[in-house]
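# Fold and geometry: a report
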Protein chains: 2
Amino acid sequence: NPVLNPTTSNPPTPPTDHRALAQTHDLFITSPYSPGSPLLLPNGAYIFQKLQSFLRAQYPQFGFQEVITPTIYKKSLWETSGHWDNYAEDMFSVQGRGATGQTQNAEAGQDEEFGLKPMNCPGHCLLFRENIRSYRDLPIRYADFSALHRNEISGALTGLTRVRRFHQDDAHIFCRPDQIVTEIDQTLRFVGMVYDTFGLGPYKLLLSTRPQDHFIGTVEEWDRAEQQLKTALDNSGRHWDLNEGDGAFYGPKIDIILKDSNGKEHQTATIQLDFQLPQRFDLQYQASPEELAAPMSQQECGQLDSANRRPVIVHRAIYGSLERFMALLIEHYAGTYPFWLSPRPAIILSLNQDAELLRHVSHIQSVLSGLQHPHAPSTNESSARPTPRPLSAVHLPIDVDTSARSLGKKIADAQKKRYNHIIVVGPSEVSGQSLKMEAVNQPNMSATEGVLQEVLGRAVQETEKR
Amino acid sequence: NPVLNPTTSNPPTPPTDHRALAQTHDLFITSPYSPGSPLLLPNGAYIFQKLQSFLRAQYPQFGFQEVITPTIYKKSLWETSGHWDNYAEDMFSVQGRGATGQTQNAEAGQDEEFGLKPMNCPGHCLLFRENIRSYRDLPIRYADFSALHRNEISGALTGLTRVRRFHQDDAHIFCRPDQIVTEIDQTLRFVGMVYDTFGLGPYKLLLSTRPQDHFIGTVEEWDRAEQQLKTALDNSGRHWDLNEGDGAFYGPKIDIILKDSNGKEHQTATIQLDFQLPQRFDLQYQASPEELAAPMSQQECGQLDSANRRPVIVHRAIYGSLERFMALLIEHYAGTYPFWLSPRPAIILSLNQDAELLRHVSHIQSVLSGLQHPHAPSTNESSARPTPRPLSAVHLPIDVDTSARSLGKKIADAQKKRYNHIIVVGPSEVSGQSLKMEAVNQPNMSATEGVLQEVLGRAVQETEKR
Ligand SMILES: [Zn+2]
Ligand SMILES: [Zn+2]
């Protein structure tokens, strides 16, 4: 299994722009047909999915449940959420085309246009209010990796960092007011664990509090919530700063500001409290005995059944935009990815095109990539009846170069493409059932050697370490 | 690890509608804000993702590489592909909104509207033609799970079967004409493997051939391609029928028609050859020596560099629409899902609310769900520093009911919710470190018992089998 933690400890400074680095590894392309929506090539999609799978693997221990929600919603949903009025410039509108060739109102009686979603929150509110919720059911934590669209002006569009289409590791926590501290606590732990895994940091935490004039809710609610955020920040053991009065009108927030190897700061993760959306969507839960004993705020009195209370929503993202986080990692690793994330973990070069040698190359490839057990007899793939592989199977994209070119050319090419490992197989390797390997900046050499020795049934001859 | 193969061998007849069955397991909801775009609740998203992960785990052995492509493309792409003219009624158009509140042409100099993608093929063509391709590079196989949108009329919308937004296990194979037979061969094997895994079938294969009048390419090309499809169909060892003259004008195809337990037929998988899209996108590859020796068709002569040839595109989907496939499985399993796919594999019921008993329940839950090793000491979760779980970790959503209700009520509720296993823990189970379990239609009992015995360090007392 790939090891999660090895990262380069000394990334070079200053980093090259992610667009240039991405070309080396064939990660993505852009197209005039889809400005702001990059197309991820297989290698880019591979990294994207590793990032997604990594977070998915962590969700159960933090109590997140994934949901899958629509891309387009009727305008009236965005009016309810406030996006249609407050977010107009950033939203795309969607209309049916219809047989008439008209671009508007093609469908009688259904003439309301759609908005292409810029955020997942309104959809998650629909899910929350589908059932009657009790104080015992909370917190409910919905996670969503949906594609989001925001209409950035075309002049600003850049690679993976300024885009119109992106994916967030988005989640919304619906909780009781008294659960805020625990939820923020856990979220900060989650952030720390993720950033440690990628060797990112240091980062600073920034708390933005109630604006002076324009805010919703009562001063007491804000004070209580901010006190809980401060407690969680103190619990985190990390340094944090106060950004007094800089919160949104609908709730205080914590920003995570990451310093890259070049000293540049990036705002990545956010934890945003929201008192407003629960009101707009009239979200309620059956209150606990303690809550019923406490006085109801005047604001709530007019709006709520007396046995109910409003949940608080916590919007939170750890990567933030996956595309932007990828750009950051591309620069952070500067072309040398940790093994588990690398789209080019290894390539096998053949010294010649002898049939037996090519068989040996193909055997090593299929074992290293995880498709075949080391000591299973080679079968004729195309004639065998395929058997399903388990969902837990890990696959590594091991490449081969069996072209007729000289070994020198192949090595130069493999180095240019920055494979983590270059494995050379010649006649003596075939007869000795061995291989020669060059490890290029491989942070977890001993684990890799272990795998290779298992494959070969003997020690690996390492040609060079750099 | 979840076992892939156990499925109910005798699904009840006739099946209940998937919408009713889905309610039992809380799989999805629909909303007037998103007609035709169902919202998948955690349990529905769980099944959806198992389906997706299962196919992803198989892709490497069949040579598919996943890519991630845009949701919206400029109108001119859809004009190139032919969708804008031939598919008008089914497409949504997308426009920026902008500060003026206009819904059209908000951005100066960029006034071309977008189309919301109904298919992935045009995007994959952009990826193919990004690089110079040689005959040695083929086949190239791109897979894509993107959300797709088609503007079905609102009256037709139904649950997961007639929708506006759906996901396909879509893939496009770009191959040389002489590679068709091998690719179809492998695709038919893949289909067989997948349908066997779900216990679906029997299914029939239907070949649709060249229409009499209106078709592109030469009769020779069609004959050669159809001959290859027939060879692959014969190789499959399954019965197939001929639908003479019923192919699309741009290529022959194979449909897979599945018969459900009620005798109803469903068209699920498709394998469609396409001679047209490679022309429209002017896709080329550097020809092999054999291809250069053979005469070029007259049609190609005018269009292609003489050293190049056109690839063929194979559009293929095995599930087809994941949403529709889910609906089919919901009816097929009729509420009793195989363990690995079940959103409710087990629930643990506590006999009372004693603190020690609740700790035992929580221990069993965390071990069964895969979050904790059976013999690891229980830690105080919230104070411990979290450690990342590997990507290969399998998590099972094990529920608990520790409410103050009577055991009878809890069992009735759990049965109504159709958990695969109901586990009861009372004081004697705590002192004996054991549990009582009712297995409800569990197809793989011995494997489950193995896990439970490992957890407890002793044999499991099974109360009832039904
Ligand atoms: Zn949000
Ligand atoms: Zn297609």
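So, here's what we can say about the structure. Just so it is clear, the model here is predicted, and its values are computed rather than measured.

### Quick word on the sheet that holds strand β6 (residues 114-116) of chain A
- Taken in spatial order, the 6 strands of this open sheet run β4(A)-β6(A)-β5(A)-β5(B)-β6(B)-β4(B), and their pairing is antiparallel. Two strands close off the open sheet at either side, each with one partner strand: β4 (72-74) of chain A together with β4 (72-74) of chain B. For this sheet, the mean inter-axis angle between neighbouring strands, taken without regard to orientation, is 35°.
- Pairing analysis gives 3 bridges linking β4(B) to strand β6 (residues 114-116) of chain B, with the strands arranged antiparallel. Each residue of the ladder has a partner; that of B:I72, found in β6(B), is B:L116.

### Digging into the pattern of salt bridges
- On inspection of all chains with the given rule, the structure shows 29 salt bridges over all chains.
- The salt bridge involving A:R189 is made with A:D185; its shortest N-O contact spans 3.4 Å. Placement of both A:R189 and A:D185 in helix α6 (residues 180-197) is noted, with a separation of 4 residues, approximately one turn of the helix.
- The exposure class assigned to A:R189 is partly exposed, which follows from its relative accessible area of 23%.
- A residue is classified by how much of its surface remains accessible, and A:D185, at 14% relative accessible area, is buried.
- For B:R316, the salt bridge is made with B:D169, and the minimal N-O distance between the two is 4.0 Å. Taken together, the residues B:R316 in strand β16 (residues 312-321) and B:D169 in strand β9 (residues 165-175) connect sequence positions 147 residues apart.
- Judged by its relative accessible area of 0%, B:D169 falls in the buried class.

### A word on the coordination of the zinc ion (ligand 2)
Residues and elements named next belong to chain B.
- Every protein donor of the zinc ion (ligand 2) is listed here as C121 (SG), H172 (NE2) and H315 (ND1), and their distances to the metal cover 2.1 to 2.4 Å.
- Linear spacing of the donor residues for the zinc ion (ligand 2) on their chain is C-x50-H-x142-H. One end of the pair, H172, is in strand β9; the other, H315, is in strand β16, with 143 residues separating them in the sequence.

### As for the pairing of β9(B)
Residues and elements named next belong to chain B.
- Of all 11 residues in β9, 11 are buried, a share of seventy percent or more.
- Where burial is concerned, the two faces of β9 agree: the one with R165, H167, D169, A171, I173 and C175 and the one with F166, Q168, D170, H172 and F174 are both buried.
- Sheet topology note: the strand β8 (residues 147-149)/β9 ladder contains 3 bridges and is antiparallel. Looking across to β9, one finds that A147 is bridged to H167.

### So, the interface of chain A and chain B
- Contact with chain A, which involves 93 residues of that partner, is made by 93 residues of chain B.
- Both sides together, the interface formed by chain A and chain B hides about 7,900 Å², and carbon and sulfur atoms give 60% of it.
- Three residues, A:Y33, A:I68 and A:R97, lead the burial of chain A against chain B; their summed loss comes to 12% of the area buried on that side.
- The tally of links between chain A and chain B comes to 0 salt bridges.
- Connecting chain A to chain B are 16 residue pairs in polar contact (both at pLDDT 80 or more).
- Pairing of strand β5 (residues 92-96) of chain A with strand β5 (residues 92-96) of chain B involves 5 bridges; the strand directions are antiparallel.

Scoring rules and cut-offs
- Residues numbered from 1 in each chain as written.
- Chains lettered and ligands numbered in written order.
- Predicted model: local features only at pLDDT ≥ 70, side-chain atom pairs only at ≥ 80, totals over all residues.
- Heavy atoms only, no water.
- Pairing = 2+ DSSP bridges.
- Helix = DSSP H or I, 4+ residues; strand = E, 2+ residues; numbered from the N terminus.
- Axes fitted to C-alpha atoms, helices over the stretch in contact; angles between N-to-C directions.
- Salt bridge = Lys/Arg side-chain N within 4 Å of Asp/Glu carboxyl O.
- Buried < 20%, exposed > 50% of the residue type's maximum accessible area, 1.4 Å probe, protein only.
- Donors = N, O, S within 2.8 Å, 3.2 Å for Na, K, Ca; no water.
- Contact = heavy atoms within 4.5 Å.
- Buried area = accessible area lost by both parts, 1.4 Å probe.
- Polar contact = N/O pair within 3.5 Å; in protein donor to acceptor, adjacent residues only side chain to side chain.

All we've got here are geometric facts, nothing functional implied.
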